[in-house]
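A structural walkthrough
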Amino acid sequence: MNKIKIILADDHQMILDGLSEVLKNHQDLELIGQFSNGKKVIEFVKANEVDVAIMDINMPEMDGISCAKILKMEYPNVKVIMLTMYAQKSFIDEIIKLGIDGCLLKNNSGKELYDAILRVQSGKYYYDKIKDFTDTTEEIASYKLGEREIEIIKLLAEGMGTNEIATKLYISKHTVSTHRKNILHKTGVNNTTQLVQFAYENKLI
């Protein structure tokens, strides 16, 4: 029996370790690579046969969405499953448009991940749980906060400044500042204190 060749990409080693343990429980799956960013995924796929790539959205150097775009254009035989920690329908709309094969929350059960792999490998899509994905409120939906913006809000709530956020997310200080301005504009608040309060009230953090 030919095993399904899987690669994983996440910049958190603990997540990679957990996912690899799930895959090891299934004899019809073969984990052939683990990576911390999208660039390494592309490099590996260029030189190796891969059936399914399971990737996080937010990664340094090249995020999951950017990597998935390249895979879909240049390596269409590779099935792509995205992992996200944010259950937002606006995000689902984006990845469906890209033709990404499946999406799961990071806290999915191992069985759900396995079912998703089998489904996409058979040429079908796996979005079974999107009915559980919600924009936190209708108000949040209208603000159209992206995953990166929500991630920055969480870090601001932890007390991080622009320099610290830039270092943690591997992006420039200018990029962080731009995101902060956009977030304030979208949410209609005036400063970080109000933003954090807004995030708590709307269960973003």
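Along each chain, residues carry numbers from 1 onward, in the same order as the chain's sequence is written. Local features in this predicted model are restricted to residues whose pLDDT is 70 or higher, and side-chain atom pairs enter the listing and the counts only when it is 80 or higher, whereas totals over whole chains, interfaces and linings include all residues. Only heavy atoms go into the side-chain values, all of them from the structure, while hydrogens and water stay out.

1. What about unusual backbone geometry?
Just so we agree on the cut-off: Numbering of helices and strands starts at the N terminus; helices are DSSP runs of H or I of at least 4 residues and strands are runs of E of at least 2. Only protein chains enter the accessibility calculation, which uses a 1.4 Å probe; a residue is then buried when its area is under 20% of its type maximum, exposed when over 50%, and partly exposed in between.
Of note, Glu-61 is a non-glycine position whose phi angle comes to about 70°, a positive value. Position of Glu-61 relative to the elements: it lies in the loop between strand 3 (52–56) and helix 3 (64–74). With relative accessibility at 59%, the residue Glu-61 sits in the exposed group. Its identity as a non-glycine residue notwithstanding, Tyr-170 has a phi of 60°, on the positive side. Mapped onto the secondary structure, Tyr-170 falls in the loop between helix 8 (162–169) and helix 9 (173–187). By relative accessible area, which is 58% here, Tyr-170 ends up exposed.

2. Points about the nonpolar core
Our working rule: In this text, buried Ala, Val, Leu, Ile, Met, Phe, Trp, Tyr and Cys residues form a nonpolar core when linked through side-chain atoms within 4.5 Å. Residues are treated as being in contact if the distance between any of their heavy atoms lies within 4.5 Å.
Residues Ile-7, Val-41, Met-55, Leu-71 and Ile-100 are the most contacted members of the largest nonpolar core, which totals 25 residues. Listed by contribution, the elements that provide at least two residues to this core are strand 1 (4–9), helix 2 (38–47), strand 3, helix 3, strand 4 (79–84) and helix 4 (89–97). When neighbours within four sequence positions are excluded, Ile-100 is seen to be in contact with Ile-65, Ala-68, Lys-72, Val-80, Met-82, Ile-95, Tyr-125 and Tyr-127. Counting 18 residues, the second-largest nonpolar core is a separate cluster that includes Leu-8, Leu-19, Val-52 and Tyr-126.

3. What to know about the packing of aromatic side chains
Rules: For this analysis, a ring pair means two rings from Phe, Tyr or Trp (six-membered ring only for Trp) whose centres lie within 6.5 Å, classed as stacked if their planes differ by under 30 degrees, edge-to-face if by over 60, and tilted for the remaining angles.
Tallied over the entire structure, the rule returns one aromatic pair. With a centroid separation of 5.1 Å and 50° between ring planes, the pair formed by Phe-35 and Phe-44 is classed as tilted. Taken as a pair, Phe-35 and Phe-44 share a single burial class, namely buried.

4. Digging into helix 9
Quick note on the threshold: Here the expected length of a helix is defined as 1.5 Å per residue gap, with one fewer gap than residues.
Here helix 9 contains 15 residues, and its C-alpha end-to-end distance of 21 Å stays within 8% of the 21 Å for a straight helix at 1.5 Å per residue. A positive phi of about 75° marks Gly-188, the residue just after helix 9.

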